[in-house]
Amino acid sequence: MASDDIKKIINEADEDLLRMSVEQWAVQHEDFRAYITLVLNPPASEIDFDYELARVINNNTELIDSRYFERLVVDWSEIVYRLIEPWAKVADSFSTERLQKLVEAIITEVGMKVQEDDFRGDDWYSDDYSVQIEEIMDWLGHLSGLLLIREDLSRDDMLSLQALVKEAQKNDIIESYIGGTLYDDILLMIKMRLETEEVACGIFDLMIERDFNHKAGEWVCRKIDFIRGMGLELEAQEYMDANLKYPQVLVKLYHELLVSGRWQDAIIILDKANAMSTDSYWFDTPNWLEMKSDLLKEHGDKQSQIEVLKDLFHQRWEEKYYRQLKEMVDADEWNQFCRTLLKCKANSFDINKVAPFLIEENEFDELYQLIKGNFDSHPEDYQIVIAYAKQLHSTHEKELQGLIVRSFRTYAALHFAPGQKVNSLEYTFFCEDLSSLSNMGFGKEQRELVEIFLEEYRKRRSFVNELKSIKLNN
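Notes on the structure follow. Counting starts from 1 at the beginning of each chain's written sequence and moves along it residue by residue. This being a predicted model, a pLDDT of at least 70 is required before a residue's local features are given, and a value of 80 or more before pairs of side-chain atoms are given or counted; all residues contribute to the totals for chains, interfaces and linings. Excluding hydrogens and water, the side-chain values take into account all heavy atoms of the structure.

1. A look at the overall build of the chain
- Put simply, DSSP H or I for four residues or longer makes a helix, DSSP E for two residues or longer makes a strand, and each gets a number counted from the N terminus. Secondary structure summary: the chain contains 26 helices and two strands in total.
- The reference for a compact globule is 2.2 Å times residues^0.38; the radius of gyration itself is calculated from the C-alpha atoms. By the compact-globule yardstick of 23 Å for 474 residues, the chain is too spread out, its C-alpha radius of gyration being 32 Å.
- A principal-axis box enclosing the C-alpha atoms of the chain has dimensions of 90 × 65 × 55 Å.
- Buried residues in the chain amount to 42% of all 474 residues.
- In the chain, the share of contacts with a sequence separation of at least 24, taken over all contacts with a separation of at least 6, comes to 64%.
- Summed over all atoms, the accessible surface of the chain reaches about 26600 Å², with 49% contributed by carbon and sulfur.
- Across the chain, 54 positive and 91 negative side-chain charges occur, with their mean positions spaced 6 Å apart. Here's how the labels work: a residue is buried when its accessible area is under 20% of the maximum for its type, exposed when over 50%, partly exposed in between, all with a 1.4 Å probe on protein chains only. What makes two residues a contact is simply this: any of their non-hydrogen atoms within 4.5 Å. Calculation of accessible area relied on Shrake-Rupley with a 1.4 Å probe; when residues are assessed, cover is drawn exclusively from the protein chains displayed. Only four residue types enter the charge count: Lys and Arg as positive, Asp and Glu as negative, with His and the chain ends excluded. The atoms used to mark charge sites are NZ of Lys, CZ of Arg, CG of Asp and CD of Glu.

Put into structure tokens, the structure is as follows:
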């Protein structure tokens, strides 16, 4: 068969059939499996960044009806999350030549190709990708910094990149929409390299200040290693101590302490990190308590391990920590320990977290008291009253009967009052919850409530229709 004929067959083939055929052939033939793996998932060292970016951008461009006119829209989320972000995350392993090719590809295929239309998206039409474009340019800033701290980056390569950035600046529209000074920053870093003829601290400082894609902490760690590389160990340690606000720096210090056998100091650092993490939000923050627990398993005594597991349990309310505690605490001490462990505030959020453990421990009275406490503060919150009514039926049936009736009536009084606008879906959801009462053993209360609501809200036709659809048990 001629090559043109097979091309025609492939181009006109059903995509699902084509995928199935390729998959079957790959399973049956090892050489084809190796070939298709290389084609579809090539190592970064063999990717043609320019070609791949251009291809994926073209395949993710379509003509759509926007708010005011038809326009070509690029799905930039595909570009950043499928290509650029995965490449950037392994860019440290690239050779200098490959890293420069990636930086230049992003400038030429994204920075120099973005159009005004790319910023005319509308959330209503789900075609606003300005955030993704900003992410791409942030990755470009980060990758440019990685490139410009490479000792083997030649003067000619820097001049080539400088010329490309200046060319991109001539018709750049991105800065006017998302702000920033990315191209000026890259040119400044190139100028630093050309003037000093070596990597300078100024490049690290600029990258830390700009915090591209929230990578400032990583750049602080790079600067620490750079200072050490100059033989300035004391200065590097002082700089590290001054920048412990970054989780990456804390992790770096933690591992260095472990390598030197100072595990007690490592514990102190983890405690400090955990205390700091409650004061501000950090991106990609490790679970310091989890790290402390792992370290104490190797070095700590039993009581210290129990204490950190308690903290972890109260932080996450996860079953695995509960199980570990149950294994470590002496059986004759468990009941008292568990009562303290499962103490929480009487609100629906905390009740839902602790309820499974209270039920397992048969602490039904404690669960009821929490529900009653929440009811006293929020008498309209019938959902938490019925959430565990089935489990509490055998021990607290009489008490729950009153809570159920009063909480449903209070909710209805607040949400379905005369003259108040009500979405009909609210009636549907409310009556679905009302319908569930009979399955929990509270059919009598269900009937009582339906009869009350049919009388009190008889003028709300939609509500009445929903109430009449409820199947009442005798």
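2. With respect to a nonpolar patch on the surface
- Together, I6, I9, I10, L18 and V22 give the surface a local cluster of nonpolar side chains, amounting to about 360 Å² of exposed area.
- Where the nonpolar patch is concerned, the elements lending two or more residues are helix 1 (3–12) and helix 2 (15–28).
- Broken down by element, the residue count for the nonpolar patch peaks at three residues, all from helix 1.
- Considering the arrangement of structural elements, one finds I9 in helix 1. Like charges within 9 Å and nonpolar side chains (Val, Leu, Ile, Met, Phe, Trp, Tyr) within 5 Å are joined into patches, using only residues over 30% in relative accessible area that form no salt bridge. Take a side-chain nitrogen of Lys or Arg and a carboxyl oxygen of Asp or Glu: if they are within 4 Å of each other, that pair is a salt bridge.

3. Some remarks on the pattern of salt bridges
- Under the counting rule described, the total for this entry stands at 33 salt bridges.
- In this structure, K191 engages E195 in a salt bridge whose closest nitrogen and oxygen atoms are separated by 3.9 Å. Within this pair, K191 and its partner E195 are both found in helix 10 (residues 182–196), separated by four residues, close to a single helical turn.
- Relative accessible area serves as the criterion here: at 45%, K191 is assigned to the partly exposed category.
- Note that E233 is salt-bridged to R228, the shortest N-O span being 3.3 Å.
- One salt-bridge network, held together by shared partners, links D225, R228, E233, K252 and E256.

4. Things to note about the packing of aromatic side chains
- Between the rings of Phe, Tyr and Trp (Trp by its six-membered ring), a pair exists once the centres lie within 6.5 Å; its type follows the angle of the planes, with under 30 degrees stacked, over 60 edge-to-face, and the other angles tilted. Inspection of the entire model under this criterion finds 27 aromatic pairs.
- When the centroid spacing of 5.8 Å and the interplanar angle of 65 degrees are considered together, the rings of Y322 and W334 count as edge-to-face. Taken together, the residues span a long stretch of sequence, with Y322 in helix 18 (residues 319–328) and W334 in helix 19 (residues 331–341) at a distance of twelve residues. W334 matches Y322 in its accessibility class, with the two residues each being buried.
- Should the NZ of a Lys or the CZ of an Arg lie within 6 Å of a ring centre and within 35 degrees of the ring normal, that charge is described as sitting over the ring. Directly above the ring of W219 sits R222, whose terminal nitrogen or CZ lies 4.8 Å from the centroid.

5. Quick look at the side chain of N213
- Structurally, N213 can be placed in the loop between helix 11 (201–210) and helix 12 (216–229).
- Under the relative-accessibility criterion, N213 is labelled buried at 15%.
- As used in this structure description, the phrase polar contact means that two N or O atoms lie within 3.5 Å; if the pair is within protein, one of them must be able to donate a hydrogen and the other to accept it, and residues adjacent in sequence are counted only when both atoms belong to side chains. Reaching out from N213, the side chain makes a polar contact with the backbone nitrogen of W139 at a distance of 3.0 Å.
- Excluding its chain neighbours within four sequence positions, the residues that come into contact with N213 are E135, D138 and W139.

6. Some thoughts on unusual backbone geometry
- If you check the backbone angles, N213 has positive phi at about 50 degrees while not being a glycine.
- A positive phi angle, close to 60 degrees, is found at N362, a residue other than glycine.
- Counting through the fold element by element, N362 comes out in the loop between helix 20 (348–360) and helix 21 (364–377).
- Assessed through its relative accessible area of 55%, N362 is described here as exposed.

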